[in-house]
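For reference, the chains in residue letters:
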Amino acid sequence: MATKKLSTVIPEQALFNELSQLIEQSKVFVVSQANSTLTLLFWQIGRRVNETILQNQRAEYGKQIVPTLSAQLERQYGRNFTEKNVRRMLKFAAQFPDEQIVVTLSRQLSWSHVVEILPLKTIEAKMFYAQEVASQKLAVRDLRKQIATKAFERTDIANAQLTVNSEIPFNVFKDPYLMDFLNLKDGFLENDLEAAILRELERFILEVGKGFAFVERQKRMIIDGEDFYLDLLFYHRTLKRLVAIELKIGKFQAKHKGQMELYLKWLNKNERQEGENAPIGLILCAESSREQIELLEMHKDGIMVAEYWTALPPKHELEQKIRSALIEARERIERNKALSQGGFGILSEHK
């Protein structure tokens, strides 16, 4: 009898688990739909109020209508319509005039996400973080951290190493990487850095970006009977390619390029699977050598060099250092463009 009772309990429990899963999935969908509808509604309100202010062509009218309207809306519909939030709606509609883009954004970003990106200075930065939220499913707290640690600017600095013909796509890497979460003490060695990354692998992947999946540490390669070891091997699911990572505790040296080229060629020959793209490499150094990196044109060989910081400076110092590096990177891009155009000018003169 006991056996018969047990056999009826198990299917009932399985059914309950299945129904619970359906309910939880439905709840997530309902929340997502509600967020999407609310974000789109706030944009529509902002656009309509902006149109009314523009039609009146009086700045004073705009100053008067927003407090009056928001007070009425708040009384009728609650705290979502405070004057501060209504002004955000106006900004949202002004900064994102294309309704189709807003419809797409509303499916991926909650209003709380939108509020975080509105103060950013450029549309490029706003769209970058919007795409980060969408691709990485970032919570609002994680988005705030990305903005505070200048993820957009650091990605821009890394992009300065690339050209349209590079083996490495844009917006894959950052420079520098902020690894204060590793809690390394002064005088650490390369194997300490590697071990710390593996201990904090989830946070490391969050810093390097979504899509990275860990494959192997100290990947052994036998070349001409000699053993070589790659520090870390990852696979990027979106790019469909292996990513080799080498860790250096000192300053970047030109010889590091040759080492990485060797590893990438071996991986391409021995580990690349059908349907995958060619492997790419990331050399993480305590300090980069910008001029050497530029002269070596490493992007042509699918290699990126980036610094890592194991201690985070105070906020104002971090902002200043990132800003200086970004200015330098953009100057480098303009210089390369000028040289390229100058070269074409010389060629045309000789024709």
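Just above, that's the structure.
Along each chain, residue indices are assigned from 1 in the same order as the chain's sequence is written. Note on the predicted model: pLDDT of at least 70 is required for a residue's local features to be given, and 80 or more for side-chain atom pairs to be given and counted; whole-chain, interface and lining totals, by contrast, use all residues. Note that water and hydrogens are dropped before the side-chain values are worked out from all heavy atoms of the structure.

Caption draft 1: Molecular detail of the packing of aromatic side chains. Pairing of aromatic side chains requires ring centres within 6.5 Å, counting the rings of Phe and Tyr and the six-membered ring of Trp. Pairs whose planes differ by under 30 degrees are stacked, by over 60 edge-to-face, and all others tilted. Applying the stated rule across the entire model yields 11 aromatic pairs. On the numbers, 6.2 Å between centres and 80° between planes, the contact of Phe212 with Phe234 is edge-to-face. Remark: Phe234 occurs in strand S3 (residues 226-236) and Phe212 occurs in strand S2 (residues 212-223); sequence separation between them is 22 residues. Residues Phe212 and Phe234 agree in their burial class; the two are buried. Taken together, the ring pairs connect Phe42, Tyr77, Phe81, Phe92, Phe96 and Trp111 into an aromatic cluster. Directly above the aromatic system of Trp309 lies the positively charged group of Lys321, at a separation of 4.4 Å from the ring centroid. Secondary structure counts use DSSP, requiring at least four H or I residues in a row for a helix and at least two E residues in a row for a strand, with both numbered from the N terminus. Relative accessibility thresholds used throughout: buried, under 20% of the residue-type maximum; exposed, over 50%; partly exposed, between the two (1.4 Å probe, protein chains only). Either the NZ atom of lysine or the CZ atom of arginine qualifies as a charge over a ring when it sits within 6 Å of the ring centre and within 35 degrees of the ring normal.

Caption draft 2: Local environment of the packing of helix H6 (residues 123-136) against helix H7 (residues 140-148). Helix axes are fitted only over the stretch in contact, all axes being lines through C-alpha atoms; the angle between N-to-C directions runs from 0 to 180 degrees. Their axes nearest at 11 Å, the elements H6 and H7 cross at an angle of 140°. By the angle class used here, H6 and H7 are oblique. Crossing geometry of H6 relative to H7 is assigned as right-handed. Contacts from Tyr129, Glu132, Val133 and Gln136 of H6 reach H7 at Leu143, Gln146 and Ile147. Amino acids outside the nonpolar list (Ala, Val, Leu, Ile, Met, Phe, Trp, Tyr, Cys, Pro) and the charged list (Asp, Glu, Lys, Arg) are all regarded as polar, and Gly is one of them. Of the residues contributing to the contact of H6 with H7, the split by class is 4 nonpolar, 2 polar and 1 charged. Angle categories are assigned with fixed cut-offs, so that under 35 degrees is roughly parallel, over 145 is roughly antiparallel, 65 to 115 is roughly perpendicular, and the rest are oblique. Crossing handedness follows the turn of the near helix against the far one: under a right angle anticlockwise gives a left-handed crossing, and clockwise gives a right-handed one. Between two residues, a contact is recorded if the distance between any of their heavy atoms is within 4.5 Å.

Caption draft 3: Spotlight on helix H8 (residues 151-159). Burial of H8 is extensive: 7 of the 9 residues sit out of reach of the surface. Here H8 has its buried residues at Ala151, Phe152, Arg154, Thr155, Ile157, Ala158 and Asn159.

Caption draft 4: Examining the environment of Arg290 more closely. Along the chain, Arg290 falls in helix H12 (residues 290-296). Between the C-alpha atoms of Arg290 and Gln161, which are 129 residues apart in sequence, the distance is 9.3 Å. Residues within four places of Arg290 in sequence aside, it is in contact with Ile157, Asp175, Glu307, Glu328 and Arg332. Any pair of nitrogen or oxygen atoms within 3.5 Å is treated as a polar contact; in protein, a donor-acceptor pairing is required on top of that, and neighbouring residues in sequence qualify only through side-chain atoms on both sides. Within polar-contact distance, the side chain of Arg290 engages the side chain of Asp175 at 2.7 Å.

Shape descriptors only; they carry no functional weight alone.
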